[in-house]
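Structural description and commentary
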Amino acid sequence: MELVVKRYRCTHSATCVCLKGHISEDAMYLVFEHMKWNPKMIAIFSSVCKWFDEFAKRVLWKEFCHARAPKMMTDLHSDGSHIVDGNWKALGKLLIYCSACPRGDLFSNIHVPIPGHFVYRTRFSRTLGKSLVPPQCKSDVLYVSDSCEHLDQGEEGDLGLFRGIFKSFAGSNMKKMLIERQATFHPNEVCPYCKTKLWHLMQPNMIPSSASVRLDADDDSVEYYVCLNGHIIGSCTLMPYSDSEDTKEE
Ligand SMILES: [Zn+2]
Ligand SMILES: [Zn+2]
């Protein structure tokens, strides 16, 4: 295969290490297509070169998202899109990264920081999303990941951490409700995926009790945040294994 190696200087940053310029976008596209849009490689290149980061945000993360979760992507975009150019990177990260709780002041059941980590493959479910929204938001579409299990976290027990995204969040009932109820933003933490502010869903009746049943979590331990772009990050305390089978006796 003959690659046309046209070189472009990195015009975005004086600190870019690519002093000799870049191969063209078309060539870069072919290279990454060959690597099946390897997200770790995209992330590594993006961190050292602004030109590449900008290209990845516009093109490569989009291809990665469509390759990794085609049905979810089609659905998220089926009635117009709130996912504009820059957000493909956030969405790509959401698919493959459990942000955990790097500083211990996000969730009431986590007091010791838990570092974020890559996750090889995660299932995102609309059905699980339904159980996490209050009745007045039932028509909203929310994709939520299976819990990432962080087991045996000392006093904090077994934790389930989940993440997700609302479809068309700007026009969702959830956003309307958060504004009407004057939900509060976390004072200093931001969304780990897109860096916008986080609404905390801790006021009464914002999270239905069905959430803890679906997540196999202790009652009332489920909490989550929604960012201005509709990403969610949440946590719950998982039921001990021995209890989750048959717990009906009092
Ligand atoms: Zn995790
Ligand atoms: Zn976000």
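Reading the values: rules and limits
- Residues numbered from 1 in each chain as written.
- Chains lettered and ligands numbered in written order.
- Predicted model: local features only at pLDDT ≥ 70, side-chain atom pairs only at ≥ 80, totals over all residues.
- Heavy atoms only, no water.
- Helix = DSSP H or I, 4+ residues; strand = E, 2+ residues; numbered from the N terminus.
- Buried < 20%, exposed > 50% of the residue type's maximum accessible area, 1.4 Å probe, protein only.
- Areas by Shrake-Rupley, 256 points an atom, 1.4 Å probe, with all protein chains shown as cover.
- Lys, Arg positive; Asp, Glu negative; His and termini not counted.
- Salt bridge = Lys/Arg side-chain N within 4 Å of Asp/Glu carboxyl O.
- Polar contact = N/O pair within 3.5 Å; in protein donor to acceptor, adjacent residues only side chain to side chain.
- Contact = heavy atoms within 4.5 Å.
- Axes fitted to C-alpha atoms, helices over the stretch in contact; angles between N-to-C directions.
- Parallel < 35°, antiparallel > 145°, perpendicular 65-115°, else oblique.
- Left-handed = near helix turned anticlockwise from the far one by under 90°.
- Donors = N, O, S within 2.8 Å, 3.2 Å for Na, K, Ca; no water.
- Tetrahedral: all angles 85-135°; square planar, octahedral: opposite > 155°, others 65-115°.
- Core = buried A, V, L, I, M, F, W, Y, C linked by side-chain atoms within 4.5 Å.
- Pairing = 2+ DSSP bridges.

To continue, consider the overall build of the protein chain. Looking only at helices and strands, the protein chain features 9 helices and 10 strands. Counting all 250 residues of the protein chain, 48% fall into the buried class. Working note: accessible area of the protein chain is about 13,500 Å², and carbon and sulfur atoms make up 54% of it.

This brings us to the side chain of Glu223. Position of Glu223 among the secondary structure elements: in strand β9 (residues 223–227). One buried charge, Glu223, has no salt-bridge partner; the nearest side chain with opposite charge is Arg181, at 15 Å. A polar contact is formed between the side chain of Glu223 and the side chain of His200, at a distance of 3.0 Å. Beyond its immediate chain neighbours, meaning those up to four positions away, Glu223 contacts Leu106, Phe107, Ser108, Asn109, Phe162, His200, Met202, Ile207, Ile233, Gly234 and Ser235.

Moving on, we get to the packing of helix α2 (residues 39–48) against helix α3 (residues 50–68). With their axes 7 Å apart at the nearest point, α2 and α3 run at an angle of 160 degrees to one another. Judged by the inter-axis angle, α2 sits roughly antiparallel to α3. Viewed along their axes, α2 and α3 form a crossing whose handedness is left-handed. Residues Pro39, Ile42, Ala43, Phe45, Ser46 and Val48 of α2 lie in contact with α3, whose contacting residues are Lys50, Phe52, Asp53, Ala56, Leu60, Trp61 and Phe64.

Among the 10 residues in helix α5 (residues 87–96), 8 count as buried, and that is most of the element. Along α5, the residues that are buried comprise Asn87, Trp88, Ala90, Leu91, Gly92, Leu94, Leu95 and Ile96.

Further remarks concern the coordination of the zinc ion (ligand 1). Around the zinc ion (ligand 1), the protein supplies Cys98 (SG), His117 (NE2), Cys148 (SG) and His150 (NE2) as donor atoms, at distances of 2.0 to 2.3 Å. In this structure, the zinc ion (ligand 1) is coordinated by 4 donor atoms arranged in tetrahedral fashion, with angles at the metal of 103 to 119 degrees. Read in sequence order, the donor residues for the zinc ion (ligand 1) give the motif C-x18-H-x30-C-x1-H. Taken together, the positions of Cys98 in strand β1 (residues 97–98) and His150 in strand β5 (residues 148–150) put the pair 52 residues apart, joining distant regions of the chain.

A word on the coordination of the zinc ion (ligand 2). Every protein donor of the zinc ion (ligand 2) is listed here as Cys191 (SG), Cys194 (SG), Cys227 (SG) and His231 (ND1), and their distances to the metal cover 2.1 to 2.3 Å. If you look at the zinc ion (ligand 2), its 4 donor atoms make angles of 102 to 114 degrees with each other, and the shape they trace is tetrahedral. Each donor residue of the zinc ion (ligand 2) lies on one chain, and together they are spaced C-x2-C-x32-C-x3-H. With Cys194 in the loop between β7 (185–190) and β8 (197–200) and Cys227 in strand β9, this pair connects stretches of sequence that are 33 residues apart. One exposure class covers both Cys194 and Cys227, and it is buried.

Another point: the nonpolar core. In terms of nonpolar packing, the biggest core is built from 46 residues, with Phe52, Leu60, Met72, Met73, Leu91 and Leu95 touching the most fellow members. Put simply, the parts of the chain that give this core at least two residues each are α1 (25–34), α3, α4 (70–76), α5, β6 (159–166) and β9. At 9 residues, α3 tops the list of elements feeding residues into this core. Not counting chain neighbours up to four residues away, the residues in contact with Met72 comprise Leu95, Phe124, Tyr143 and Ile165. The next biggest cluster of nonpolar side chains, apart from the first, holds 26 residues, and it includes Leu128, Phe169, Ile207 and Leu215.

Glancing now at the pairing of β9. Counted residue by residue, β9 has 5 buried out of 5 residues, so it is predominantly covered. Burial of the side chains of β9 extends over both faces: Glu223, Tyr225 and Cys227 are buried on one face and Tyr224 and Val226 on the other. Where β8 lies against β9, 3 bridges are found, and the strand directions are antiparallel. Note on β9: the bridge partner recorded for His200 is Tyr225. The loop that links β9 with its antiparallel partner strand β10 (residues 231–237) comprises 3 residues; one of these, Gly230, has a positive phi angle of about 90 degrees.

To continue, consider the pattern of salt bridges. Scanning all chains against the criterion turns up 8 salt bridges. The salt bridge involving Arg58 is made with Glu54; its shortest N-O contact spans 3.0 Å. Taken together, the positions of Arg58 and Glu54, both in helix α3 and 4 residues apart, correspond to about one turn of that helix. Residue Arg58 is classed as partly exposed on the basis of its relative accessible area, which comes to 32%. Several salt bridges share partner residues, and in doing so they unite Glu25, Glu54 and Arg58 into one network.

Purely spatial values, then, with no claim about function.
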